[in-house]
Amino acid sequence: MRLDRYLSEIGIGTRKNIKQYIKAGRISVNGTIAKVSDMKIDETTDSVTFDGRKLEYREYEYYMLNKPAGYVSATEDRIHKTVLELITETKRKDLFPVGRLDIDTEGLLIITNDGDMAHRLLAPGKHVDKIYTAVVTGHVTEEDIAAFENGIDIGEDGESLITEPAKLTVIGYAETLNGFGLDKDVSEQNVNNEYTKVEVTIHEGKYHQIKRMFAALGKEVVYLKRLSMGKIKLDENLAIGEYRRLNEEECL
Ligand code: URA
């Protein structure tokens, strides 16, 4: 790997900073001051120091992001901002979001370059629980809770697609979104003038799954936030748009 790419992936500075650091003789490789930014290093065996401090190269990176609405869960997009733009401390090119949250969904999103971890969290056979909180239009009833438990047909174009058992719990009811601390402007007809705040646990990840499950029951999701994936819980200290590295336990 080129030295400048290595330094950039570790996140010690911008390309311009890195050029300056090398020019100033602040970077050494195996004890010898590096002279050129395109020198090749072996990131697994070479010892690279910055001002005498040894740099650690991690093969895998793991972040949890408190995703804001307005960002797409993709590595590139020509129209919208991507979640990767929020991970500013590294310029690694191989990071990707583990699964997708819709553009208007907030909350826990894992970002990594570890494909095995993504598989462990997403593969259908692994049945990893994903917990969301949502605000939906109308009054969520016992029948709705039973429907989530029994499976809901979210198929389209005459095709049936039954969801696996999911858990729906009512947190509370309110007449306005303001009642739940949301000041969203929603234009849909909310005939009952009532909203329900719920918690939903699913272990699948079908496209727009929670929105489609509620839509099949005549309700619209007006706010959606993911709280956890398996044992990884959204850190309450992360404000919306903030991220942190996963700790060792969370990575297992
Ligand atoms: N279900 C949805 O409908 N949207 C999401 O972003 C996640 C789950």
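Basis of the calculations
- Residues numbered from 1 in each chain as written.
- Predicted model: local features only at pLDDT ≥ 70, side-chain atom pairs only at ≥ 80, totals over all residues.
- Heavy atoms only, no water.
- Salt bridge = Lys/Arg side-chain N within 4 Å of Asp/Glu carboxyl O.
- Helix = DSSP H or I, 4+ residues; strand = E, 2+ residues; numbered from the N terminus.
- Buried < 20%, exposed > 50% of the residue type's maximum accessible area, 1.4 Å probe, protein only.
- Near = heavy atom within 4 Å.
- Polar contact = N/O pair within 3.5 Å; in protein donor to acceptor, adjacent residues only side chain to side chain.
- Areas by Shrake-Rupley, 256 points an atom, 1.4 Å probe, with all protein chains shown as cover.
- Nonpolar A, V, L, I, M, F, W, Y, C, P; charged D, E, K, R; others polar.
- Pairing = 2+ DSSP bridges.
- Lys, Arg positive; Asp, Glu negative; His and termini not counted.
- Contact = heavy atoms within 4.5 Å.
- Axes fitted to C-alpha atoms, helices over the stretch in contact; angles between N-to-C directions.
- Parallel < 35°, antiparallel > 145°, perpendicular 65-115°, else oblique.
- Left-handed = near helix turned anticlockwise from the far one by under 90°.

1. Brief notes about the pattern of salt bridges
As enumerated under the stated definition, the model contains 15 salt bridges in all. For arginine 245, the salt bridge is made with glutamate 61, and the minimal N-O distance between the two is 2.4 Å. Of this pair, arginine 245 sits in strand E15 (residues 243-245) while glutamate 61 sits in the loop between strand E4 (53-54) and strand E5 (62-67), placing them 184 residues apart in sequence. Here arginine 244 and aspartate 235 are joined by a salt bridge, their closest N and O atoms 2.6 Å apart. Overall, aspartate 235 belongs to the buried group, its relative accessible area being 19%. Three or more residues joined by partner-sharing salt bridges are found here, namely Arg5, Glu9, Glu61, Glu89, Arg92, Asp94 and Arg245.

2. As for the site of the ligand
Surveying the vicinity of the ligand reveals the residues Leu101, Asp102, Thr105, Tyr132, His208, Gln209, Ile210, Lys211 and Leu224. In this structure, a nitrogen atom belonging to the ligand sits 2.7 Å away from a side-chain N or O atom of aspartate 102. For the ligand, an oxygen atom lies 3.4 Å from a polar atom in the backbone of glutamine 209. In isolation the ligand offers 240 Å² of accessible surface; the protein chains occlude 96% of this area. Tallying contributions element by element places helix H5 (residues 209-216) first for the shell around the ligand, with three residues. The residue makeup of the shell around the ligand, split by class, is four nonpolar, three polar and two charged.

3. Regarding the pairing of strand E9 (residues 106-112)
For E9, the tally of buried residues reaches seven of seven residues, placing the bulk of the element in the interior. Relative to E9, E5 is paired through six bridges, and the arrangement is antiparallel. Across the sheet, the residue bridging to leucine 65 is leucine 109, located in E9. In this sheet, E9 lies alongside strand E8 (residues 96-97) in antiparallel orientation, the contact comprising two bridges.

4. Here's the deal with the side chain of lysine 67
Tracing the backbone through its elements, the reader meets lysine 67 in strand E5. Buried charge lysine 67 goes without a salt bridge, the closest partner of opposite sign being aspartate 104 at 6.7 Å. Within the structure, lysine 67 has its side chain in polar contact with the backbone oxygen of threonine 105 (distance 2.7 Å). Apart from the residues lying within four places of it in its own chain, the contact partners of lysine 67 are Ser73, Val83, Leu101, Asp102, Ile103, Thr105, Glu106, Gly107, Leu109 and Ile240.

5. A short note on the environment of isoleucine 87
By secondary structure assignment, the location of isoleucine 87 is in the loop between strand E7 (81-82) and E8. Its relative accessible area of 4% is what places isoleucine 87 among the buried residues. Along the chain, isoleucine 87 and leucine 65 lie 22 residues apart, while their C-alpha atoms are 8.2 Å from each other. When sequence neighbours within four positions are dropped, the list of residues in contact with isoleucine 87 reads Tyr63, Ile111 and Tyr243.

6. Regarding the sheet that holds strand E3 (residues 48-50)
Read from one edge of the open sheet, four strands run E2-E1-E3-E4, paired in antiparallel fashion. Here the strands that pair on one side only, and so sit at the sheet edges, are strand E2 (32-33) and E4. With two bridges connecting them, E3 and E4 associate as antiparallel partners. Within the sheet, the bridge partner assigned to phenylalanine 50 lies in E4 and is arginine 53.

7. Here we look at the packing of helix H1 (residues 3-10) against helix H2 (residues 15-23)
Across the interface, H1 lies against H2 with an axial gap of 10 Å and an inter-helix angle of 120 degrees. Considering their axes alone, H1 and H2 lie oblique with respect to each other. Considering only the axes of H1 and H2, their crossing is right-handed. Side by side, H1 and H2 meet where Leu3, Asp4, Leu7 and Ser8 of the first sit next to Arg15, Ile18 and Ile22 of the second. Residues of the contact of H1 with H2, tallied by class, amount to four nonpolar, one polar and two charged.

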